Amino acid sequence: MSTAVIIVAAGRGSRMGGELPKQWQLLADKPVLAHTVAAFAGMQVLVVIHPDDRALAEALGVPLVMGGATRDASVLAGLRALEGSGVTRVLIHDGARPLVSRALVDRLVAALEVHDGAAPALAVTDALWRGADGLVAGTVDRAGLYRAQTPQAFRFQPILAAHLAHPGGSLDDVQVARDAGLDVAIVEGDDSNLKLTFPGDFARAEAILRGRDMDVRLGNGYDVHAFCDGDHVWLCGVRVPHSRGLLGHSDADVGMHALTDAIYGALAEGDIGRHFPPSDPQWKGAASHIFLAHAIALARSRGYALGNCDVTLVCERPKIGPHAIEMQSELARIMAVDVGRVSVKATTSERLGFTGREEGIAAIATATLVRA
Ligand code: MG
């Protein structure tokens, strides 16, 4: 079974206003039709265009077919172009619906296992009125009424035969199919699958696209270092006088290590040990800001910015509170972010466990990364 998509984009779109037909107007910096084509990435796509738009359409990088004088004629031109190609199912889609989801496509294709055709629709939930001269002239029972969307999906040979036999003037392909006696299932549509008809629809579509781009990543990190002889510890980039030191391959900055691992974790990039192997002598005694700066640079190179981070140090002593502001400032400086995105706090463990016995310090950290 093989599925093709015919995107019908040959109309001149008079309701939108503007110089260009709506399918060629820009939505989030790309022509509407480029979004529509991208929504079917990986599928066999054919776009039916108006002959005047050939130069614009070549940039789409998909096969083109010249449309006819009516929508019916344009769809038929697309179907005929697929004849003999081995396609067994076809989705016929309006070029001005750029936000169609793959989940919807999957629902339609699944319905074709059982039915000749399947089309998405949403049950009407608003009250329906008839109006005349600006006044309500009556109400309409909305029971059983649906708002039809595209793509409308069909088994290929039956819909080709239906279009060939149809006299023309149809509202959509479902009507053509039904006029030929095909059964068409109603599949649950999608509110986001809007048809760009009026200028305000563009703003709504852009908002939906922005929401889809939202990519928030969360990572956590945990680290422990044991106390050893010494007179200070490094915590979150700050030298804190203490009666002990912390044992470690680098400067043993347990808080900064936990934070660095949280950022690597958000990127699914392992931990400090992967990027700075302890077996490599060049990192012996290294200042931990090198690790943190590397992690944040890796995040930026992937297009992410730090949303916020939160580090908790677990120890009885030294007291962290007097240094917390300086620690936040230092972490923010290393990561080149606003200090308001960085939290450092501390807790004791009520004298329980290894931290309670003052054998070492533990740190946990959380970081979010957002697509910049
Ligand atoms: Mg460590």
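Given the structure is predicted, the values throughout are model-derived calculations rather than measurements.

Q: Looking at this model, I keep getting lost on the coordination of the magnesium ion. Mind explaining?
A: Reference values for coordination geometry: four tetrahedral donors around a metal ideally subtend 109.5 degrees, six octahedral donors ideally subtend 90 or 180 degrees. For the magnesium ion, the full set of protein donor atoms is Asp 223 (OD), His 225 (NE2) and His 257 (ND1), and the range of their distances to it is 2.1 to 2.2 Å. Motif for the magnesium ion, donor spacing along one chain: D-x1-H-x31-H. Taken together, the residues span a long stretch of sequence, with Asp 223 in strand β13 (residues 216-229) and His 257 in helix α8 (residues 254-266) at a distance of 34 residues. Assigned by exposure class, Asp 223 and His 257 land together as buried.

Q: How should I be thinking about α8 in this particular structure?
A: Turn by turn, an α-helix covers 3.6 residues, leaving residues three or four places apart pointing in a common direction. Compared with an ideal rise of 1.5 Å per residue, which puts 13 residues at 18 Å, α8 spans 19 Å between its outermost C-alpha atoms and is within 8% of the ideal. Most of α8 is tucked away, with 12 of its 13 residues classed as buried. Buried within α8 are the following residues: Val 254, Gly 255, Met 256, His 257, Ala 258, Leu 259, Thr 260, Asp 261, Ala 262, Ile 263, Tyr 264 and Ala 266. A positive backbone phi angle near 55° is found at Ala 268, which sits one or two residues after α8.

Q: What exactly am I supposed to notice about the nonpolar core here?
A: The nonpolar side chains of a soluble globular protein tend to be buried with one another. In terms of nonpolar packing, the biggest core is built from 47 residues, with Leu 235, Leu 259, Ile 263, Leu 313, Met 327, Leu 331 and Met 335 touching the most fellow members. Within the residue set of this core, elements represented by two or more residues are β14 (232-235), β15 (238-241), α8, α10 (289-301), β17 (304-314), α11 (324-335), β18 (342-347) and β19 (360-371). Here this core gets eight residues from one element, more than from any other, and that element is α8. Contact partners of Leu 331, with chain neighbours within four places excluded, come to Cys 236, Met 256, Leu 259, Leu 292, Val 311, Val 342 and Val 344. Counting 27 residues, the second-largest nonpolar core is a separate cluster that includes Phe 40, Ala 57, Leu 60 and Leu 108.

Q: Quick question: what am I supposed to make of the pairing of β15 here?
A: A regular strand carries its side chains on alternate faces of the sheet. Only one face of β15 is buried: it carries Val 238 and Val 240, and the other face, with Arg 239 and Pro 241, is open. As judged from the four bridges shared by β14 and β15, these two strands associate in the antiparallel manner. Considered in β15, the bridge of His 232 is made with Pro 241. Adjacent in sequence and paired antiparallel, β14 and β15 are bridged by two residues, among which Cys 236 carries a positive phi angle near 50°.

Q: How should I be thinking about the pairing of strand β9 (residues 135-140) in this particular structure?
A: Of all six residues that make up β9, zero are buried, and the element is exposed over most of its length. The sheet contact formed by strand β8 (residues 128-132) and β9 spans five bridges and is antiparallel. Within β9, the position partnered with Gly 131 by the bridge is Val 136. Remark: two residues form the turn of the hairpin made by β8 and β9, two consecutive strands paired antiparallel; Asp 133 in that turn has positive phi of roughly 55°.

Q: Would you mind showing me how to read the packing of aromatic side chains here?
A: Centre-to-centre distance and the angle between the planes together describe a pair of aromatic rings. In this structure the tally under the stated criterion is two aromatic pairs. Taking 4.6 Å as the distance between ring centres and 45° as the angle between the ring planes, the aromatic pair formed by Phe 276 and Phe 291 counts as tilted. Taken as a pair, Phe 276 in the loop between α9 (272-275) and α10 and Phe 291 in helix α10 lie far apart in primary sequence, 15 residues in all. The residues Phe 276 and Phe 291 share a single accessibility class, namely buried. Among the aromatic residues, those joined into a cluster by ring pairs are Phe 276, Trp 283 and Phe 291.

Each value, and the rule that gives it
- Residues numbered from 1 in each chain as written.
- Predicted model: local features only at pLDDT ≥ 70, side-chain atom pairs only at ≥ 80, totals over all residues.
- Heavy atoms only, no water.
- Donors = N, O, S within 2.8 Å, 3.2 Å for Na, K, Ca; no water.
- Helix = DSSP H or I, 4+ residues; strand = E, 2+ residues; numbered from the N terminus.
- Buried < 20%, exposed > 50% of the residue type's maximum accessible area, 1.4 Å probe, protein only.
- Expected span 1.5 Å × (residues − 1).
- Core = buried A, V, L, I, M, F, W, Y, C linked by side-chain atoms within 4.5 Å.
- Contact = heavy atoms within 4.5 Å.
- Pairing = 2+ DSSP bridges.
- Phe/Tyr/Trp six-rings, centres within 6.5 Å; stacked < 30°, edge-to-face > 60°.

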